[in-house]
Amino acid sequence: MKESNEPALLREAETADMISEIDTAAVRTEYELLHLMRRLIARYGFGHFMIARLPLAEQQRFSERLVLSNWPSELVRQYDACETFQSSVLVERLRGTKLPVTGGAELLDAAGKPTDEAMVHRLLAHPEMGRHFAVQLHTSSGDPFVAMLSGRRDPPVGVEQATLYLSLVQLFECLERTFDTGSSAREKLSSREIECLRWAAAGKSSDEIAIILGISTYTVSSYFKSATRKLDAVNRMQAIARAMRLKLI
């Protein structure tokens, strides 16, 4: 007997409704976009997502390329330590196609090298991220980004895949709007806030930054909180990434 495709059809209908509800001109912050991304992955049965700039400079870490994500912070740090994102199977395949890329943990391994058992072990510790769906997206000026959804479900195909791709394109347009909104942060950030972000991007802890700048750890934390708010970021990591994108540090 032919299997029913009602769940997929229902997701398509729900996503079409969500797309029609999105007013791209009204989405101004990453907080609002984060809420929309969570709605999207919930409707499609994914658990995690990330949007990152495709590698252009090898010295940049994975966390510095991340723009929007709900990945576990520990996994981001672990993947950062592997230094394989710029040479990963995912990036290599995305650079060679405009179509969606799907696969398992191997997408995050370095291309053309033996499987990193330690990396696979870390990913297996997050079974809700066992399978991935990724697409390459571009800003209006042509800057390349990757949007990847991760979960337990089988990769979407056919109309469902096309609908999901369209959803990501529209949400990415919303994200690009936040880039413009965030540009006003150039004038808003104080010199101390920029210093704290710069030292944090260099890998310094709050205690170390306090010693370097001759201020208290509490004051450093206050600078980070205010800088994060001014940059419309959801946490310190994204504040650093946005400050780098705006060439503030």
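The model shown is predicted, which means the values in this text are computed figures rather than measured ones. (Residues numbered from 1 in each chain as written. Predicted model: local features only at pLDDT ≥ 70, side-chain atom pairs only at ≥ 80, totals over all residues. Heavy atoms only, no water.)

### A word on the nonpolar core
By size, the foremost hydrophobic cluster in this structure holds 27 residues, and its most contacted members are Leu33, Met37, Leu149, Leu164 and Leu168. Breaking this core down by element, the ones donating at least two residues are helix H2 (30-44), strand E1 (46-53), strand E2 (66-69), strand E4 (131-138), strand E5 (144-151) and helix H7 (158-182). A per-element tally of this core places H7 first, with eight residues. In terms of nonpolar packing, the next biggest core, distinct from the first, is built from 22 residues, Ala52, Leu66, Val101 and Leu108 among them. (Core = buried A, V, L, I, M, F, W, Y, C linked by side-chain atoms within 4.5 Å. Buried < 20%, exposed > 50% of the residue type's maximum accessible area, 1.4 Å probe, protein only. Helix = DSSP H or I, 4+ residues; strand = E, 2+ residues; numbered from the N terminus.)

### So, the packing of helix H10 (residues 206-213) against helix H11 (residues 217-230)
Contact pair H10 / H11: the axes reach a minimum separation of 8 Å and the direction vectors enclose 105°. The orientation of H10 relative to H11 falls into the category roughly perpendicular. For the pair H10 and H11, contact is made by Ser206, Asp207, Ile209 and Ala210 and by Thr217, Val220 and Phe224, respectively. Partitioned by chemical class, the residues of the contact of H10 with H11 number four nonpolar, two polar and one charged. (Axes fitted to C-alpha atoms, helices over the stretch in contact; angles between N-to-C directions. Parallel < 35°, antiparallel > 145°, perpendicular 65-115°, else oblique. Contact = heavy atoms within 4.5 Å. Nonpolar A, V, L, I, M, F, W, Y, C, P; charged D, E, K, R; others polar.)

### Brief notes about the packing of helix H9 (residues 191-201) against helix H12 (residues 236-245)
Where H9 contacts H12, the two axes come as close as 10 Å, and the packing angle between them is 105°. Compared by their axis directions, H9 and H12 come out roughly perpendicular. Across the interface between the two elements, Leu197, Ala200 and Ala201 of H9 pack against Ala239, Ile240 and Ala243 of H12. Considering only residue class, the contact of H9 with H12 consists of six nonpolar, no polar and no charged.

### Side note on the pattern of salt bridges
With the rule as written, the count across this model stands at four salt bridges. For the salt bridge of glutamate 160 with arginine 153, the shortest nitrogen-to-oxygen distance reads 2.9 Å. A salt bridge links glutamate 193 to lysine 230, with the nearest nitrogen and oxygen atoms 3.1 Å apart. Of the two residues, glutamate 193 is situated in helix H9 and lysine 230 in helix H11; the sequence distance between them amounts to 37 residues. Here glutamate 193 falls in the buried class, since its relative accessible area comes to 4%. (Salt bridge = Lys/Arg side-chain N within 4 Å of Asp/Glu carboxyl O.)

### Some remarks on the pairing of E5
In terms of residue burial, E5 counts as a mostly covered element, since eight of its eight residues are buried. Neither face of E5 is open: one carries Pro144, Val146, Met148 and Ser150, the other Phe145, Ala147, Leu149 and Gly151, and all of them are buried. Relative to E5, E4 runs antiparallel, the two sharing eight bridges. In the sheet register, valine 135 faces E5, and the bridge partner there is alanine 147. (Pairing = 2+ DSSP bridges.)

Nothing here speaks to function; it is all geometry.
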